[in-house]
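Geometric and topological summary
One-letter residues, chain by chain:
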Amino acid sequence: MSDKKFASGRFFLKDTVRKQINFSQTAQSLGQDGPPLQKPWPPDAFVIELPDGSKALQHLAGMPVGEAMVRRESIRQYQNIALTLEELSALLWATQGVKQVISADTALRTVPSAGARHSFETYLAVNRVGNLPSGLYRYLPFDGKLAQLNIDTKIGRRAAMACFGQGFIAASAVTFFWTAIPARMEWRYDLAAHKVIAIDAGHVGQNLYLACEGIGAGCCAVAAYDQQACDELLAVDGEEEFVIYLAAVGKK
Ligand SMILES: Cc1cc2nc3c(=O)[nH]c(=O)nc-3n(C[C@H](O)[C@H](O)[C@H](O)COP(=O)(O)O)c2cc1C
C-alpha cells in the first residue's frame, strides 16, 4: 500500500531518524541535567510501604519461566478475590522494580530499556488489593512505596469508561496504567527517543503477563483507550506525561 496516510506511522517504526541526529548536541551530551528518574510525589499524599517486591516475586511466583510463557494468555474474567499487597508488590517489581542505582542519571530495573532511560511511571486503579481503599495510586520504585493519589470507590468504572467501556477493566482487582515521560528518553536520544519508548512498553507488559501467571492471576493488555480521558483520570498533563499503555489484572 502506498497510501500517504500511513507514511508518518511507518516512519515512526523505522530508525531512519537516527542518522539525522547530531548526537554531540543532545541534552545529555551538552551536559544538561536529566529529568528525575522518578516523578516526585505530592507532599500531601499518604504513602504506603510495600513488602519487598523482589522477595515477594521470588516467594510467590515459583513457576518456571518456561511454564509461565506456555500458560500466558490474555484474561478478561476475574474472580471477586482481592490481591494481597505482597502480590501487588511482586507485580510492580516485575514490571518496574529498581535493581541497581548506578548514578543520579541511571538505574537498572527488572525490564530492559533503551539506554537505561526508563521513561515510565506506573499508576494503579485499585479495586481489590489487601486493605487498600479503592482509588488511584502511583508506584514509587526507588522507595518501594505507593503514593495514594485519591480514594475513589468508582475508580474501576471510571477507568473502564476511559477505555471506551471495556467492561473487564471495571471488574479487575487492579489496573496498571503506564505513562511515558518522554523527556527522560529525549535527553539521551533526541528525535530517536519515541520509537524506543514504545518498544520499552512492550517489555513492561510482557513481564506483567508472566508474573501474573506466577501468582495465579491473569491480565489483559489494553491499547484501545481514550487518550484525553485516561490522561485526565490520572491528572497528567498530556504533553510532558501521558498514558501509553495499560493492563487489567485479577485472580483467575
Ligand atoms: C499492544 C496490545 C494491545 C491490546 N489491546 C487490547 C484492548 O484494548 N482490549 C482487549 O480486550 N485486548 C487487548 N489486547 C489483548 C489482545 O487482544 C490479545 O493479546 C490477543 O487477542 C492474543 O491473545 P492472547 O494474549 O491470549 O495470546 C492487547 C494486546 C496487546 C499486546
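These numbers were taken from a predicted model, which means no experiment stands behind them. (Residues numbered from 1 in each chain as written. Predicted model: local features only at pLDDT ≥ 70, side-chain atom pairs only at ≥ 80, totals over all residues. Heavy atoms only, no water.)

1. As for the environment of Gly214
Its location among the elements puts Gly214 in helix α8 (residues 193-214). With relative accessibility at 15%, the residue Gly214 sits in the buried group. In this structure, the C-alpha to C-alpha distance between Gly214 and His59, residues 155 residues apart in sequence, is 10.0 Å. (Helix = DSSP H or I, 4+ residues; strand = E, 2+ residues; numbered from the N terminus. Buried < 20%, exposed > 50% of the residue type's maximum accessible area, 1.4 Å probe, protein only.)

2. Remarks on the site of the ligand
Looking at the ligand, the residues that line it are Arg72, Glu73, Ser74, Arg76, Gln166, Phe168, Cys220, Ala221, Val222, Ala223, Ala224 and Tyr245. Take Arg72: an N or O atom from its side chain is 2.8 Å from an oxygen atom of the ligand. A distance of 3.1 Å is found between a nitrogen atom of the ligand and a backbone nitrogen or oxygen belonging to Ala221. (Near = heavy atom within 4 Å. Polar contact = N/O pair within 3.5 Å; in protein donor to acceptor, adjacent residues only side chain to side chain.)

3. Focus: helix α2 (residues 53-60)
If you check which residues of α2 are buried, you get Gly53, Ser54, Ala56 and Leu57. On an axial view of α2, the arc spanned by its buried residues comes to 165°, and they lie on one face. Of the residues in α2, the exposed ones pointing more than 90 degrees away from the buried face are Lys55, Gln58 and His59. If you follow the buried residues of α2, they end up packed against α4 (85-96) and α8. (Arc of directions from axis to C-beta. Contact = heavy atoms within 4.5 Å.)

4. Brief notes about the sheet that holds strand β8 (residues 217-222)
If you walk across this open sheet you meet the seven strands as β1-β6-β5-β4-β7-β9-β8, and the pairing is antiparallel. The outermost strands of the open sheet, each flanked by one partner alone, are β1 (46-49) and β8. Here the average twist between neighbouring strands, direction ignored, is 25°. Along the sheet face, α8 touches β4 (120-126), β7 (174-180), β8 and β9 (242-251) and points at about 160° away from the line of β8. Contacting β4, β5 (135-140), β7 and β9, helix α9 (residues 227-234) runs over the sheet at an angle of about 75° to β9. (Pairing = 2+ DSSP bridges. Axes fitted to C-alpha atoms, helices over the stretch in contact; angles between N-to-C directions.)

5. Some thoughts on the side chain of Glu241
Along the chain, Glu241 falls in the loop between α9 and β9. At a separation of 2.7 Å, a polar atom in the side chain of Glu241 contacts the side chain of Thr179. Beyond its immediate stretch of four places on either side in the chain, Glu241 contacts Lys39, Glu121, Tyr123, Thr179, Ala180, Ile181 and Val236.

6. Some points on the nonpolar core
Ranked by internal contacts, the top residues of the largest apolar core, which has 46 residues, are Leu146, Phe176 and Val249. With nine residues, the single largest contributor to this core is α8. With sequence-adjacent residues up to four places away left out, Val249 is seen in contact with Tyr78, Leu83, Leu91, Ser172, Ala173, Val174, Phe176, Leu208, Cys212, Ala217, Gly218 and Cys219. Core analysis: the second largest hydrophobic core is formed by 23 residues, Ile155, Ala159, Ala162 and Leu246 among them. (Core = buried A, V, L, I, M, F, W, Y, C linked by side-chain atoms within 4.5 Å.)

7. Some remarks on the pattern of salt bridges
Tallied over the entire structure, the rule returns ten salt bridges. With a shortest N-O distance of 3.7 Å, Arg71 and Glu67 are connected by a salt bridge. Within this pair, Arg71 and its partner Glu67 are both found in helix α3 (residues 65-71), separated by four residues, close to a single helical turn. Taking the relative accessible area as the measure of exposure, Glu67 reaches 36% and is therefore partly exposed. As a salt-bridge pair, Arg138 and Glu121 come within 3.5 Å of each other at their nearest N and O atoms. Of this pair, Arg138 sits in strand β5 while Glu121 sits in strand β4, and the two are 17 residues apart along the sequence. In this pair, the class of Arg138 matches that of Glu121, namely buried. Within the structure, one salt-bridge network assembled from shared partners comprises Glu67, Arg71, Glu213 and Lys252. (Salt bridge = Lys/Arg side-chain N within 4 Å of Asp/Glu carboxyl O.)

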